[in-house]
Amino acid sequence: MKIDMKVQSLEQEGKCLARLSATLDDCFAIRGLRLMEGKNGLFVNFPSYKGRSGYVDICFPTTAGLRQQMTEAAVTAYHQALEHHQTAAQAQPEPPRQKADLSMQMG
């Protein structure tokens with residue numbers, strides 16, 4: 001399956017590293033994905049709502065293979081966005097330094 005994963009925002013909010021969206025086979029889009037850092041490594045958290053017995057996923061992969069493929073696509077997109085963000089930050093020129101005002105006021 002073709003998965004186009006895009007990072008919507010990079011963030012360091014708790015264990016959330018990034019917010020993403022995915023398009024599957026150019027015909028199905030999922031918004032509201034989050035790349036999370038867990039005990040066993042990175043994983044994709046799918047959109048959910050709070051039900052009576054906890055959170056319930058709205059959409060999710062039905063096979064372990066697709067879940068793994070989506071996680072790999074999310075991690076790859078995250079690393080590319082992180083690299084792009086760091087490159088852009090390094091390319092920005094330093095703000096001009098203001099000259100110190102050395103004049104003395106005579107009274």
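In what follows, the structure referred to is the one given above.
Position numbers for residues count from 1 along each chain, tracking the sequence in the order it is written. A pLDDT threshold of at least 70 governs which residues receive local features in this predicted model, and a stricter bar of 80 or more applies before side-chain atom pairs are shown or counted, although totals over entire chains, interfaces and linings include all residues. For the side-chain quantities, the full set of heavy atoms in the structure was used; hydrogens and water were omitted.

Any chance you could break down the overall build of the chain for me, citing the residues and the numbers?
Only DSSP runs of H or I covering at least 4 residues are called helices, and only runs of E covering at least 2 are called strands; the numbering of each starts at the N terminus. Looking only at helices and strands, the chain features one helix and six strands. When the elements of the chain are put in sequence order from the N terminus, they spell out β-β-β-β-β-β-α. When each of the 107 residues of the chain is scored for burial, the buried share is 26%. In the chain, 30% of the contacts between residues at least 6 apart in sequence involve partners at least 24 apart. Values of accessible area rely on a 1.4 Å probe in the Shrake-Rupley scheme; residue burial ignores everything except the protein chains shown. Total accessible area on the chain is roughly 8,600 Å²; 51% of this is exposed by carbon and sulfur atoms. The classification of residues rests on relative accessible area computed with a 1.4 Å probe and restricted to protein chains. Under 20% of the type maximum is buried, over 50% is exposed, and intermediate values are partly exposed. Note on definitions: a residue-residue contact is assigned when non-hydrogen atoms from the two residues lie within 4.5 Å.

Can you break down the sheet that holds strand β4 (residues 41-45) residue by residue, with the values?
Spatially, the four strands line up as an open sheet ordered β1-β2-β3-β4, and their pairing is antiparallel. This sheet does not close on itself; its edge strands, each paired only once, are β1 (3-13) and β4. Adjacent strand axes in the sheet meet at a mean angle of 25 degrees, parallel and antiparallel pairs treated alike. When β1 meets strand β2 (residues 16-24), the two strands line up antiparallel, connected through eight bridges. Each bridged residue has a counterpart across the sheet, and for Leu10 the counterpart in β2 is Ala18. One bridge is not enough; two strands pair if DSSP finds at least two bridges between them. Structural elements are reduced to axes, namely lines fitted to C-alpha atoms, with helices fitted over the stretch in contact, and the angle between N-to-C directions of any two is expressed from 0 to 180 degrees.

Describe the pattern of salt bridges, and please don't skip the residues or the numbers.
Opposite charge on two side chains allows them to pair when their charged atoms are near. By salt bridge we mean one thing: a side-chain nitrogen of Lys or Arg within 4 Å of a carboxyl oxygen of Asp or Glu. Scanning the model with the defined rule gives two salt bridges in all. Put simply, Lys2 and Asp26 hold a salt bridge, and the shortest N to O gap is 3.0 Å. Placement of Lys2 in the segment before β1 and of Asp26 in the loop between β2 and β3 (28-38) is noted, with a sequence separation of 24 residues between them. Accessibility expressed as a relative area gives 56% for Asp26, which makes it exposed. A salt bridge links Lys6 to Asp4, with the nearest nitrogen and oxygen atoms 4.0 Å apart.

Give a description of unusual backbone geometry that names residues and reports values.
With phi around 50 degrees, Asp25 is a residue other than glycine that occupies positive phi space. Positionally, Asp25 belongs in the loop between β2 and β3. Classification of Asp25 as partly exposed rests on a relative accessible area of 38%. In this model, Asp26 sits at a positive phi of 55 degrees, which is unusual for a non-glycine residue.

Provide a residue-level description of the side chain of Ser21, including the pertinent values.
By the element assignment, Ser21 lies in strand β2. Of the residues examined, Ser21 reaches a relative accessible area of 15% and is grouped as buried. Discounting chain neighbours no more than four positions away, the residues touching Ser21 are Asp4, Met5, Lys6, Gln8, Ile30, Arg31 and Leu33.

Break down the pairing of β4 for me, citing the residues and quoting the values.
For β3 and β4, the ladder comprises five bridges, and the chain directions are antiparallel. From the neighbouring strand, Arg34 faces β4, where its bridge partner is Asn45.

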